[in-house]
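# Overview (structure and organization)
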Amino acid sequence: MKDFLKFTVATITGIVATCVLFFLLSVVTLLGMASSTETETVVRPNSVMMLDLKGSLVERSQDNPFGRFLGEEYNSYGLDDILSSIRKAKENEDIKGIYLQAGFLGGGFASLKEIRDALTDFKESGKFIVAYSDTYTQGLYYLSSVADKVLLNPQGSIEWSGLASAPVFFKDLLDKVGIEMQIFKVGTYKSAVEPFIATQMSDANREQISAYLNSVWSQLTADVAGSRNLSVDSLNAVADRMLLMQPAEDCVACGLADTLIYRNDVRDYLKRMAGVGEDDDLHVLGLRDMINVKKNVPKDKSGNIIAVYYAFGEIDGASSYMDGEEGIDSEKVMTDLRKLKDDDDVKAVVLRVNSPGGSAYGSEQIWYALSELKKKKPVIVSMGDYAASGGYYISCNADTIVAEPTTLTGSIGIFGMVTNTQGLMDKIGVDFDVVKTNRFSDFGMTVRPMNDDEKMLMQANVNRGYDLFLTRCSDGRGIAKEDLDKIAQGRVWTGTTAKELGLVDVLGGLDTAIGIAVEKAGVENYSLLSYPRKAGMFESLLDINPGNYIRSRVLKSVTGDTSYRLLELMDGVEKADRIQARLPFDLNIQ
């Protein structure tokens, strides 16, 4: 009877689960059909573009149907969509201005600066920009400070307190559970391994973090000071007051905000700014509306193509292993770059890199593909928030490297990690034995510590990887290996400092890189095409592993952010190549 009930319940559960899955698939398919039939947005007179920012910023937008069905509160915004929409808003005479509704936006300062620069360019049209928030995060205040008017809720505030980095260290936890991370590295500043073997930052790591935080903060304060007509000293004085904890009136008094206003009254304020009468309608276009606005450019018939190839995420890994999100697949990138090389219509390639690195092997494969591509046509690199370690590896041989002042780059170094779980196995009473035919047949087994000979082999392998990395960068940048080694050693630099050191050529964003590519290609008329092609909703659905996706959400809600981060890191270490060229696993900058 018990077996009958057990199998009956299991059958019913399976049927219900299957029905739910087919229901979700049906709805997603219908949504995909609906989205594919979206028509062009017609811009009516007296329109305002609205950027309602509440979510995460990524290089390119990608539909996530499971996230939508699971009721995720925040959106994912593509930097490419935002920049394109701002350009279209500038060109369209019926769009009177841009309204920034600043909620929360997870993204790096380099990406925020790229949007900020696009907004600065938009203002040259003579149109207005108005920003509003209930409470500004520091990153979104940096973005919003470019506005003609910064509006703040009377009960709100502005976060303006400076930058801090608080890496998380797991050594004591690993010791308690009986796990040892066996480390092999080259580079005094290569701090990616520190969370697993230390309880605090090394002196070298503290030095580099302090240097790049101060460099980024200097850029932020200089930009805000220029937009708000304030001095950098006054902005630092405000930061030391912890403005977030002060009354909203203080934000106006110190010059960071212009007007206190409730959200309910913002629409009337925008109508006045747009010169729209009280009885007339103000038409608001969201980001999705702007994506479907036709570009005001003539169709190019020259056949010339400037290709922008996006490479973002970890190299040969996922930006989040447990979430199943894609990173940079070196094999796919190699194939795509070979096709661009052989396409005679493609006159130049801009490689957009936003990566903390990853597999040293995968980085070398992409380096080779770019070297072959460079033999036939110009290759320009545009760096996003990160282009460090492996991200710099794949960039170093470009004809020109363009980075934002706040881009984190460099980190020329290599490390390897091998897990030893013998302590954990002893705690839970699990024993292992081995039979082997040769001396190193059991090399790399994670249930015992490595012996001295194995450690020597591993370190020699890492040393060779570092020497090859140095050689690639030396050849690409025209810097002697001895001189390069002095600024390498795994150290992270901002774009500003990297330019001074010769690791970067030009400070600027993607548009700057495209302009250089056009000039080097020697073409006047061209089409700008992005690669690889974006997947549609149905393709995205097929690529998503719903089990992994749901599992990650459940684990995060049950374990909390810190414990989930450890599980994610350990999962990543086990699945990644043993030899890595990458930034620290978690910079944790705020």
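Structure: see above.
Residues numbered from 1 in each chain as written. Predicted model: local features only at pLDDT ≥ 70, side-chain atom pairs only at ≥ 80, totals over all residues. Heavy atoms only, no water.

### A word on the overall build of the protein
When helices and strands are tallied, the protein shows 23 helices and 19 strands. Considering the protein as a whole, with its 590 residues, one finds that 50% of them fall into the buried category. Sequence separation of 24 or more characterises 77% of the internal contacts of the protein that already satisfy a separation of 6 or more. Per element, the accessible surface of the protein, about 27,800 Å² overall, is 52% carbon and sulfur. (Helix = DSSP H or I, 4+ residues; strand = E, 2+ residues; numbered from the N terminus. Buried < 20%, exposed > 50% of the residue type's maximum accessible area, 1.4 Å probe, protein only. Contact = heavy atoms within 4.5 Å. Areas by Shrake-Rupley, 256 points an atom, 1.4 Å probe, with all protein chains shown as cover.)

### Observations regarding the packing of aromatic side chains
Summed over all chains, the structure comprises 5 aromatic pairs. Look at Trp160 and Trp217: their rings are 4.8 Å apart centre to centre, the planes differ by 40 degrees, and that puts the pair in the tilted class. Here Trp160, found in the loop between strand E5 (149–158) and helix H6 (171–177), pairs with Trp217, found in helix H8 (residues 203–228); they are 57 residues apart in sequence, far enough to count as distant. The exposure class assigned to Trp160 is buried, which follows from its relative accessible area of 0%. Seen from their ring centres, Tyr393 and Phe469 are 4.5 Å apart, and the 25 degrees between their planes marks the pair as stacked. Linking Tyr393 in helix H15 (residues 390–393) with Phe469 in helix H17 (residues 452–477), this pair joins segments that are 76 residues apart in sequence. Put simply, the rings of Tyr136, Tyr141, Trp160 and Trp217 pair up and form one aromatic cluster. (Phe/Tyr/Trp six-rings, centres within 6.5 Å; stacked < 30°, edge-to-face > 60°.)

### Considering the pairing of E5
Side-chain positions along a regular strand alternate between the two faces of the sheet. Counting buried residues along E5, 8 of its 10 residues qualify, which places the element largely inside the surrounding structure. In this sheet, E5 lies alongside strand E4 (residues 128–136) in parallel orientation, the contact comprising 6 bridges. Paired with Thr135 across the bridge in E5 is Ser157. Note that the unit made of E4, helix H5 (residues 138–144) and E5 has a crossover that is right-handed. Both E5 and strand E7 (residues 259–260) contribute to a ladder of 2 bridges, which runs parallel. In the strand pairing of E7, Leu151 is matched with Thr259. (Pairing = 2+ DSSP bridges. Right-handed = clockwise from strand over helix to strand, strands pointing away.)

### Comments concerning the environment of Glu278
Note on placement: Glu278 falls in the loop between helix H11 (266–274) and strand E8 (283–285). Judged by its relative accessible area of 77%, Glu278 is exposed. Separated by 10 residues in the primary sequence, Glu278 and Asp268 have C-alpha atoms spaced 7.9 Å apart.

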